[in-house]
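# Inside the fold
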Amino acid sequence: MENCLFCKIIAGEISSEKLYEDELCYAFYDIDPQAPVHFLVVPKQHIEAPAAVTEQDAAVVGHIYAVIAHLAKELKLEKGYRVIANSGEDAGQTVHHLHFHVMAGRPMGWPAG
Ligand code: 5GP
Ligand code: ZN
């Protein structure tokens, strides 16, 4: 999608520190990390937000969770990690392309935010 930051990152028009890529998704480190490990996993297909996910997207969303589990193993996040997908204003979504934050390397407070 035109003028979408993450579509541009996926297309390589804006540089990123890539962690993983396959035909369905792209993973890269967050530019402003909030934990010792903080990366984002995004579908290559432009989906605006968690609120825009439909049954048609079930396969890609499930795939992303499997990729996250795979990357967590590779990065040896044995102590755990948190996955967050912000949707809309109150949740603090700033980039309108569905993305899953993966954060690890420190104890996480709860409730979030
Ligand atoms: P949101 O607030 O929408 O849930 O998360 C957007 C995330 O994208 C933020 O954590 C922010 O630091 C990250 N981000 C924004 N612009 C860029 C960028 O140009 N490159 C990378 N790697 N991350 C970005
Ligand atoms: Zn996009």
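Quick summary incoming for the structure in this document. (Residues numbered from 1 in each chain as written. Chains lettered and ligands numbered in written order. Predicted model: local features only at pLDDT ≥ 70, side-chain atom pairs only at ≥ 80, totals over all residues. Heavy atoms only, no water.)

## Things to note about the pairing of strand β2 (residues 25–29)
For clarity, the cut-off: Each residue gets one of three labels from its accessible area relative to the maximum for its type: buried under 20%, exposed over 50%, partly exposed in between, using a 1.4 Å probe on protein chains only. Numbered from the N terminus, helices here are DSSP runs of H or I no shorter than four residues, and strands are runs of E no shorter than two. Any two strands between which DSSP finds at least two bridges are classified as paired.
The buried fraction of β2 is high, at 4 of 5 residues. Hairpin connection, strand β1 (residues 18–21) to β2: the antiparallel pair is bridged by 3 residues.

## Digging into the coordination of the zinc ion (ligand 2)
Our working definition: Sodium, potassium and calcium take a 3.2 Å donor cutoff, other metals 2.8 Å, and in both cases only N, O and S atoms count; water is not among them, so sites may look incomplete. Square planar and octahedral sites, with four and six donors, are those where opposite donors lie more than 155 degrees apart and all other angles lie between 65 and 115, tetrahedral sites have four donors with every angle between 85 and 135 degrees, and the rest are irregular.
The zinc ion (ligand 2) binds to the protein through C4 (SG), C7 (SG), H46 (ND1) and H97 (ND1), with metal-donor distances spanning 2.0 to 2.3 Å. Metal-centred angles of 105 to 116 degrees between the 4 donor atoms at the zinc ion (ligand 2) mark the site as tetrahedral. One chain supplies every donor to the zinc ion (ligand 2), and in sequence these donors are spaced C-x2-C-x38-H-x50-H. Of this pair, C7 sits in helix α1 (residues 5–11) while H97 sits in the loop between β4 (82–84) and β5 (100–104), and the two are 90 residues apart along the sequence.

## Some remarks on the packing of aromatic side chains
This is how it is decided: When two rings of Phe, Tyr or Trp (its six-membered ring) have centres within 6.5 Å they constitute a pair, described as stacked for plane angles under 30 degrees, edge-to-face for angles over 60, and tilted for the intermediate range.
Evaluation of the coordinates by the stated rule reveals 4 aromatic pairs. For the pair Y26 and F28, a centre-to-centre distance of 5.7 Å together with 45 degrees between the ring planes defines the contact as tilted. The same class applies to Y26 as to F28, namely buried. Between Y65 and F100 the ring centres are 5.5 Å apart and the planes differ by 70 degrees, which places this aromatic pair in the edge-to-face class. Placement of the pair is Y65 in helix α2 (residues 58–74) and F100 in strand β5, with a sequence separation of 35 residues. On the basis of relative accessible area, Y65 is assigned to the partly exposed category, the value being 41%. Residue class for F100 comes out buried when judged on its relative accessible area of 5%. Here a set of aromatic residues connected by ring pairs shows up, and it is made of F6, Y26 and F28.

## Comments concerning α2
The line we're drawing: What a helix is expected to span follows from its residue count: subtract one and scale by 1.5 Å. This arc is taken over the directions from the axis of the helix to the C-beta atoms.
In this model, α2 (17 residues) spans 24 Å end to end at C-alpha, consistent with the 24 Å of a helix rising 1.5 Å per residue. Taken residue by residue, α2 has V60, V61, I64, V67, I68, L71 and A72 as its buried positions. Viewed along the axis of α2, the buried residues span an arc of 135 degrees, placing them on a single side of the element. Along α2, the residues that are exposed and aim more than 90 degrees away from the buried face are A59 and K73.

## So, the sheet that holds β5
Think of a sheet as strands paired side by side through backbone hydrogen bonds, with each pair either parallel or antiparallel. Note the cut-off: Between N-to-C directions, angles span 0 to 180 degrees; the directions come from axes that are lines fitted to C-alpha atoms, helices contributing only their stretch in contact. Only heavy atoms matter for contacts: two residues are in contact if any of them lie within 4.5 Å across the pair.
Spatially, 5 strands are ordered β1-β2-β3-β5-β4 in an open sheet, and the strand pairing comes out antiparallel. The outermost strands of the open sheet, each flanked by one partner alone, are β1 and β4. If you compare each strand with its neighbour and ignore which way they point, the axes differ by 20 degrees on average. The sheet contacts of α2 involve β1, β2, β3 (37–43), β4 and β5, and relative to β3 the element is tilted by about 150 degrees.

Interpretation in functional terms is not warranted from these geometric data alone.
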